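# Survey of secondary and tertiary structure
Chain by chain, the residues run as shown.
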Amino acid sequence: MGLLAIGLGFQNGFIAPLGKNIGLTETILNYIATSYYVGFFIGVYLVPKIIDKVGYVRTFAILGTMFSAVFIGFALFQNGYIWFVLRLITGACFSGLYLITESWINTSITNKFRATAISNYLLLVFLGASLGNYISRFIQGDGIYMLAIISFVLSLSFIPVLLIKFSPTAEKIKKERMGIKQLYQISPMGSIGMLFVGMGYGLLWMTSVYSTVQLNATATEISNMLIYGSVVSLLSVHLIGKKSDSLDRRVVIIILSIIATIGSILLYLQNSMNILVFISFCIVSLGLAPLYSVCGAQTNDWVSQDKRIQAASGLVLMYGIGSVGLGFLTSFLVYLFKGKTFAIVQICIYALLTIFSIKRYLMRPAIPKDQRSEIIPVASFTPLKMGELYKNRSNNKKKDKK
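Residues numbered from 1 in each chain as written. Predicted model: local features only at pLDDT ≥ 70, side-chain atom pairs only at ≥ 80, totals over all residues. Heavy atoms only, no water.

Here we take up the overall build of the protein. What the protein contains, in helices and strands, is 17 helices and 0 strands. Counting all 402 residues of the protein, 55% fall into the buried class. Residue pairs at least 24 apart in sequence account for 87% of intrachain contacts in the protein once pairs closer than 6 positions are excluded. Approximately 17400 Å² of the protein is accessible, and the part contributed by carbon and sulfur atoms is 67%. (Helix = DSSP H or I, 4+ residues; strand = E, 2+ residues; numbered from the N terminus. Buried < 20%, exposed > 50% of the residue type's maximum accessible area, 1.4 Å probe, protein only. Contact = heavy atoms within 4.5 Å. Areas by Shrake-Rupley, 256 points an atom, 1.4 Å probe, with all protein chains shown as cover.)

Right, let's talk about the pattern of salt bridges for a bit. Scanning all chains against the criterion turns up 2 salt bridges. We note a salt bridge from D301 to R249, for which the minimum N-O separation is 2.8 Å. Placement of D301 in helix α14 (residues 291–301) and of R249 in helix α12 (residues 249–268) is noted, with a sequence separation of 52 residues between them. Here D301 and R249 have matching classes, each one buried. (Salt bridge = Lys/Arg side-chain N within 4 Å of Asp/Glu carboxyl O.)

Right, let's get into the packing of aromatic side chains. This model, assessed by the stated rule, comprises 22 aromatic pairs. A ring pair is formed by F41 and Y319, whose centres lie 6.0 Å apart and whose planes are at 45 degrees; its orientation type is tilted. Linking F41 in helix α2 (residues 26–54) with Y319 in helix α15 (residues 308–337), this pair joins segments that are 278 residues apart in sequence. Each member of the pair, F41 as well as Y319, carries the same accessibility label: buried. Ring plane angle 45 degrees and centroid distance 6.1 Å describe the contact between Y201 and Y319, whose orientation is recorded as tilted. In this pair, Y201 is assigned in helix α9 (residues 188–204) and Y319 in helix α15, connecting sequence segments 118 residues apart. Of the two residues examined, Y201 and Y319, each falls in the buried class. Against the face of Y335 rests K338, its NZ or CZ located 5.2 Å from the ring centre. (Phe/Tyr/Trp six-rings, centres within 6.5 Å; stacked < 30°, edge-to-face > 60°. Lys NZ or Arg CZ within 6 Å of the ring centre and 35° of its normal.)

This part is about unusual backbone geometry. In this structure, N216 takes a positive phi of about 60 degrees despite not being glycine. Locating N216 in the fold gives a position in the loop between α10 (207–214) and α11 (219–243). At K338, a position not held by glycine, the phi torsion is positive, near 50 degrees. Residue placement: K338 occurs in the loop between α15 and α16 (341–363). Classification of K338 by relative accessible area gives partly exposed; the value is 47%.

What is shown is where atoms sit, not what they do.
Here you go:
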């Protein structure tokens, strides 16, 4: 997964500068960036079916091969529409790769070492993505040489998986989700907050497109910006996320949304690529990254133990609607109005979240600390969380039958 994460980080970094080099417009680049989330959530529902048919190892090899081939596709077919499809395939592949790898970890590691294993795994993914972001600065011209190198690196990722004897028990995965209306009635702030978190992540990676086209950022500058943002995200998730256990989560959500709003305003005020653009991206990352965990915990605080699996599935749906829906809407608005439209939309999203959060804070008292759920420090949705939910749901159903 560390090797595969290099490819994902590289792809996040090269699309905007390379797309600009081959003449793609800002609107098309925004659609391409957003299509990752479309593929991601397609993979969440499609990959489990493939696993049921051919098993974990073969599915991993299939997805890894497709992900490696995508980079050759970027080199051979420098066309916006084809890039859109390739980016979509990336999202579907990576959601499946997350699901398989993290399911292996959960299956093979005892509870005593589970937290350590997951932490080491996330660290490897983070380091791989950061390295990929760094390498993307060396993209030049049509980028064929660098794309071929990355494809080669990704091909090596299959070796550890195919050499290890391991066959976890495959489980039939079925969809079970709490309705959006019911979820909102239980926790308006947590559910709507998750919708806005999805919107925020849908816009976050479009910042590289905006910076490249509107602020004339170079590939090196985009690479640096993504690395700095990733470091800030990792730190803020663990520091701020855990801290919210001892505070009113609603206050934490309000503060984080204000921070993200300030970062968005700072980005809007810039007319060229400079140090303030890096600072603004880091400020937005600082506010956005912990919101996923905090909004999830805020929802769980109001959900009974036996309903948390369905609630978490509903939150995933809210996240997906936000990331995909606003991404495409913003791309269309950029096409219509151009200029600083992207930065304006970003300001509006975080400002609306701030206003909504303050309104909800005034409408309902905080839940007692002894009734709260434990927060899980995760920066954004990964299919493993779904895999754990499905596993727990299956176990609960067996208990119910007994």
